[in-house]
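Structural characterization, general
Below are the chains, spelled out letter by letter.
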Amino acid sequence: MISLRPATLKDLELLEYWDTQAHVIAGDPDDDWDWKKELAVDPPWREQLIAELDGQAIGCIQIIDPAEEETHYWGKVPKNLRALDIWIGEAHHLSKGYGTQMMKQAIARCFSHPAVEKILIDPLKNNVKAHRFYERLGFKFAEERSFNGTACFVYELERVATFLLSTERLVVTEVSLKDDTFILELVNSPNWIAFIGDRGIRTLEDAQKYIQESLRNSYQKHGFGLYKMSLKSNNAPIGICGFLKRDYLDFPDIGFATLPAYEGKGYTYEVAKATIIYGTNNLNLETILAITTEANTKSKNLLTKLGLVLKDNIVDDAKKELLLYTNSP
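Notes on the structure follow. (Residues numbered from 1 in each chain as written. Predicted model: local features only at pLDDT ≥ 70, side-chain atom pairs only at ≥ 80, totals over all residues. Heavy atoms only, no water.)

Of the regular secondary structure elements, the protein chain holds 10 helices and 15 strands. With respect to the three principal axes, the spread of C-alpha positions in the protein chain is 75 × 35 × 35 Å. Taken over 329 residues, the protein chain has a buried fraction of 49%. If you take every contact in the protein chain between residues at least 6 apart in sequence, the share linking residues at least 24 apart comes to 59%. For the protein chain, the accessible area works out to roughly 17500 Å², and carbon and sulfur atoms hold 50% of it. Averaging the locations of the 38 positively and 47 negatively charged side chains of the protein chain gives two centres separated by 7 Å. (Helix = DSSP H or I, 4+ residues; strand = E, 2+ residues; numbered from the N terminus. Buried < 20%, exposed > 50% of the residue type's maximum accessible area, 1.4 Å probe, protein only. Contact = heavy atoms within 4.5 Å. Areas by Shrake-Rupley, 256 points an atom, 1.4 Å probe, with all protein chains shown as cover. Lys, Arg positive; Asp, Glu negative; His and termini not counted. Charge placed at Lys NZ, Arg CZ, Asp CG, Glu CD.)

Shown next as structure tokens:
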């Protein structure tokens, strides 16, 4: 079983030795890692990891944030990416599946940060074996580029949206930064503005900021949030549904919104009912709340249909009067 640990100065001699191996040189002939210097620093944009097999060091992985990396090796790239380098130290450890185990752990490590949307890697153009290795792991060819005068192929691995649940007609997954166009349309729809409020989200950049700082941040902070509901028939996103944690409420409350074109078709009830079951069974939420306004008749009717009962009138942080529903007596 492969495990990863941080590289330290104690690994200097071993890493310098690995750099003399023919297969390592062939895989990256122009790199001078200057390990003594690199191991002495620990910048926030990089992880240097040693892969161990039953306590024996067999390889190394470097994970960087290419937008923050100080030499700008990757050029001008968007935020929320990671880039990987990986190598096996000695030839007798090749072709035994260790590289695959290392990469799977590194990929999981990258995507454990909810902001990270994509992983980059840059094998040499003529390293066909490496191309096939990354393709088996799900990486897709993006482009040919020259790095420091060396011809490389750039491969990308995009985050797969985490699946939560499905209903007869819908599938529910996490919202990702790729959903910016859909979110921009949703938050500017008439019902959203009328009953939830105008958030001033007018551009795709605004939408991405909202996705990251509000929606995805909730996944990490609370273990739940608002999720995208899409049609099973064509994967079209039609709305959001999930749970929110508000400072002025003791328990999470369920929230939902649907694009105007899909209202009145029973989709919201279908997914909200499944979401309540998910919250009870998977998130262990004994009490589920819901808030709405007196004017939002459709929402009130839906909450009643879901079995929630009116409990109280409350005022939110913005001094807005709301109705509080609950599944508990």
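The structure having been displayed, the exposition proceeds.
Overall, the coordinates contain 15 salt bridges when judged by the stated rule. We note a salt bridge from D11 to R5, for which the minimum N-O separation is 2.8 Å. Across the salt bridge formed by E270 and R169, the nearest N and O atoms sit 2.7 Å from each other. With E270 in helix α9 (residues 267-281) and R169 in the loop between β8 (163-166) and β9 (170-173), this pair connects stretches of sequence that are 101 residues apart. Among the residues examined, E270 registers a relative accessible area of 15% and is labelled buried. (Salt bridge = Lys/Arg side-chain N within 4 Å of Asp/Glu carboxyl O.)

All right, on to the sheet that holds strand β2 (residues 46-53) then. Spatial strand order, β1-β2-β3-β4-β5-β7-β6: 7 strands in an open sheet with mixed pairing. This sheet does not close on itself; its edge strands, each paired only once, are β1 (2-6) and β6 (140-147). For this sheet, the mean angle separating the axes of adjacent strands, direction not counted, is 30°. When β6 meets strand β7 (residues 150-158), the two strands line up antiparallel, connected through 7 bridges. Note that in β7 the partner of F141 across the bridge is Y155. Packed onto the sheet, helix α4 (residues 98-111) meets β1, β2, β3 (56-64), β4 (81-88), β5 (118-121) and β7 and runs at close to 160° relative to β4. (Pairing = 2+ DSSP bridges. Axes fitted to C-alpha atoms, helices over the stretch in contact; angles between N-to-C directions.)

Turning next to the sheet that holds strand β12 (residues 253-258). Across the sheet, 8 strands lie side by side as β8-β9-β10-β11-β12-β13-β15-β14; this open sheet has mixed pairing. Because the sheet does not close on itself, it has two edges, and the strands there are β8 and β14 (309-315). Each adjacent strand pair in this sheet contributes to an overall mean axis angle of 30°, direction not counted. Strand direction decides the pairing type here: strand β11 (residues 237-244) and β12, joined by 6 bridges, are antiparallel. Bridging from a neighbouring strand, C241 pairs with F256 of β12.

On the surface, a cluster of negative charge is contributed by E13, E16, D32 and D34. Assignment of secondary structure puts E16 in helix α1 (residues 12-18). (Patch = residues over 30% accessible without salt bridge, like charges linked within 9 Å, V, L, I, M, F, W, Y side chains within 5 Å.)

Okay, the pairing of β5 next. Two faces, one strand: in a regular strand the side chains alternate between the faces of the sheet. With 3 bridges joining them, β4 and β5 adopt parallel strand pairing. The partner of L81 across the bridge, within β5, is K118. Following the chain from β4 across α4 to the adjacent parallel β5, one finds a crossover that is right-handed. As judged from the 4 bridges shared by β5 and β7, these two strands associate in the antiparallel manner. The residue bridging I121 from the neighbouring strand is Y155, located in β7. (Right-handed = clockwise from strand over helix to strand, strands pointing away.)

If you look at the biggest cluster of nonpolar residues, it comprises 46 residues, and the most contacted ones within it are I183, I240 and I254. The dominant element in this core, judged by the number of residues it contributes, is α9, at 6 residues. In contact with I183, other than residues within four places in its own chain, are V175, A207, Y210, I211, L215 and I240. L49, L53, C110 and F133 belong to the second-largest nonpolar core, a separate cluster that totals 29 residues. (Core = buried A, V, L, I, M, F, W, Y, C linked by side-chain atoms within 4.5 Å.)

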